[in-house]
Amino acid sequence: MLSVHGRKPAAVVVEPIAKAFLKLGLTPNVVTVVGTIVTIAISVILIPTGHLFFAAVLSGLFAAFDMLDGTMARLSGKATAFGATLDASCDRITDGALFSAIAWWLIYSADSSRITVIACFVTLVCSQVISYIKARGEASGFKMVGGLIERPERLILALGGIGLEGLGVPHAIEVALWILAVGSVFTVCQRMVIAARQEQQ
């Protein structure tokens, strides 16, 4: 939902930064790769070691790179099919790293219940499937717009959960993961219905 409605408000902050990066000679693809590497490092180093609040804050800051590269490509007129493919692929990798790191912390540090770990794995799998359905549907000529849990919602809930957990709010990550798990399963079904309805038209 936020991916559809949240870009215009964010553009007020993102566009000046994108212009500054372009003046420095950076390319959208370089920003994509650097943002991905740093975001993965934050997830796999800070979350398993229990630095949850700092992981949430830093991951949230670097998540902005996901909008920066696309804005840079648009402003420079250098948007390419490869750039879009690189960006989408890096998003999948960073999502996988984030939820894998959370699962690691749940299992080895928090001694969480199996059902909470299952919710994390459900979210991890569905996060990949949701994006795949959109990509495959668009490749088939469908218009795949919207969904209950898209990447912005997924990041806000996950990072909000670990951030609050890091501040001592009990069960914050469990609540966030269960909302994500249920919402993500719903979104998988929702997008399949969107594709099926267009097939019948």
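Residues numbered from 1 in each chain as written. Predicted model: local features only at pLDDT ≥ 70, side-chain atom pairs only at ≥ 80, totals over all residues. Heavy atoms only, no water.

## What about the nonpolar core?
Nonpolar side chains tend toward joint burial in soluble globular proteins.
Then, number 1: Residues Ile 47, Leu 98, Phe 99, Ile 102, Leu 106, Ile 162 and Leu 177 are the most contacted members of the largest nonpolar core, which totals 26 residues.
Then, number 2: Those elements that provide at least two residues to this core are helix H3 (28-46), helix H4 (52-62), helix H6 (81-108), helix H7 (114-139), helix H8 (151-166) and helix H9 (172-200).
Then, number 3: Sorting elements by how many residues they give to this core places H6 first, with seven residues.
Then, number 4: If we skip the residues at most four places from it in the chain, Leu 177 touches Phe 99, Ile 102, Leu 106, Thr 116, Ala 119, Cys 120 and Thr 123. (Core = buried A, V, L, I, M, F, W, Y, C linked by side-chain atoms within 4.5 Å. Buried < 20%, exposed > 50% of the residue type's maximum accessible area, 1.4 Å probe, protein only. Helix = DSSP H or I, 4+ residues; strand = E, 2+ residues; numbered from the N terminus. Contact = heavy atoms within 4.5 Å.)

## Details of empty space enclosed by the protein
Then, number 1: The final tally for this structure, using the stated rule, is one cavity of 30 Å³ or more.
Then, number 2: The calculated volume of the largest cavity comes to roughly 190 Å³.
Then, number 3: Along its surface, the largest cavity is lined by 21 residues, and Thr 39, Phe 62, Ala 63, Thr 94 and Arg 151 are the ones closest to its centre.
Then, number 4: Those elements that place two or more of their residues in the lining of the largest cavity are H3, H4, helix H5 (65-76), H6 and H8.
Then, number 5: Tallied by class, residues from the lining of the largest cavity come to eight nonpolar, seven polar and six charged. (1 Å grid on protein atoms, 1.4 Å probe; cavity = no way out; pocket = protein on both sides within 12 Å on 5 of 7 lines; lining within 4 Å. Points joined across faces, edges and corners; volume = space filled by probe spheres on them. Nonpolar A, V, L, I, M, F, W, Y, C, P; charged D, E, K, R; others polar.)

## Focus: the packing of aromatic side chains
Then, number 1: On inspection of all chains with the given rule, the structure shows two aromatic pairs.
Then, number 2: With 6.0 Å between their ring centres and 70° between their planes, Phe 53 and Phe 54 make a pair best called edge-to-face.
Then, number 3: Classification of Phe 53 by relative accessible area gives partly exposed; the value is 34%.
Then, number 4: Exposure remark for Phe 54: the relative accessible area of 54% places this residue in the exposed category.
Then, number 5: Geometrically, the ring pair formed by Trp 104 and Tyr 108 is tilted, given 4.7 Å between the ring centres and 45° between the ring planes. Here Tyr 108 and Trp 104 lie together in helix H6, a separation of four residues that amounts to about one turn.
Then, number 6: Relative accessible area serves as the criterion here: at 49%, Trp 104 is assigned to the partly exposed category.
Then, number 7: A relative accessible area of 59% means that Tyr 108 is categorised as exposed. (Phe/Tyr/Trp six-rings, centres within 6.5 Å; stacked < 30°, edge-to-face > 60°.)

## Thoughts on the pattern of salt bridges
Then, number 1: All told, the structure shown has six salt bridges when counted by the stated rule.
Then, number 2: For Arg 74, the salt bridge identified is with Glu 15, shortest N-O distance 2.8 Å. With Arg 74 in helix H5 and Glu 15 in helix H2 (residues 7-23), this pair connects stretches of sequence that are 59 residues apart.
Then, number 3: Since its relative accessible area comes to 24%, Glu 15 is described here as partly exposed.
Then, number 4: The residue Arg 151 makes a salt bridge to Asp 95 at a minimum N-O spacing of 3.0 Å. Placement of the pair is Arg 151 in helix H8 and Asp 95 in helix H6, with a sequence separation of 56 residues. (Salt bridge = Lys/Arg side-chain N within 4 Å of Asp/Glu carboxyl O.)

## Some words on a nonpolar patch on the surface
Then, number 1: A contiguous nonpolar surface patch, about 710 Å² in accessible area, is contributed by Phe 53, Phe 54, Val 57, Leu 58, Leu 61, Leu 164, Leu 167 and Val 169.
Then, number 2: Broken down by element, the residue count for the nonpolar patch peaks at five residues, all from H4.
Then, number 3: Inspection of the secondary structure puts Leu 58 in helix H4.
Then, number 4: With relative accessibility at 33%, the residue Leu 58 sits in the partly exposed group. (Patch = residues over 30% accessible without salt bridge, like charges linked within 9 Å, V, L, I, M, F, W, Y side chains within 5 Å. Areas by Shrake-Rupley, 256 points an atom, 1.4 Å probe, with all protein chains shown as cover.)

## Description of the UniProt feature "binding site: a CDP-1,2-diacyl-sn-glycerol" (unreviewed entry) in the protein
Then, number 1: In the numbering adopted here, UniProt assigns the feature "binding site: a CDP-1,2-diacyl-sn-glycerol" (unreviewed entry) to Asn 29, Val 30, Val 31, Thr 32, Gly 70, Arg 74 and Thr 80. In the annotated set above, the residues contributing to the lining of the largest cavity are Val 31 and Thr 32.
Then, number 2: If you trace the backbone, Gly 70 turns up in helix H5.
Then, number 3: Relative to the helices and strands, Thr 80 is located in the loop between H5 and H6.
Then, number 4: A relative accessible area of 42% places Thr 80 in the partly exposed class. (UniProt positions renumbered as here; feature names shortened; annotations may be inferred.)

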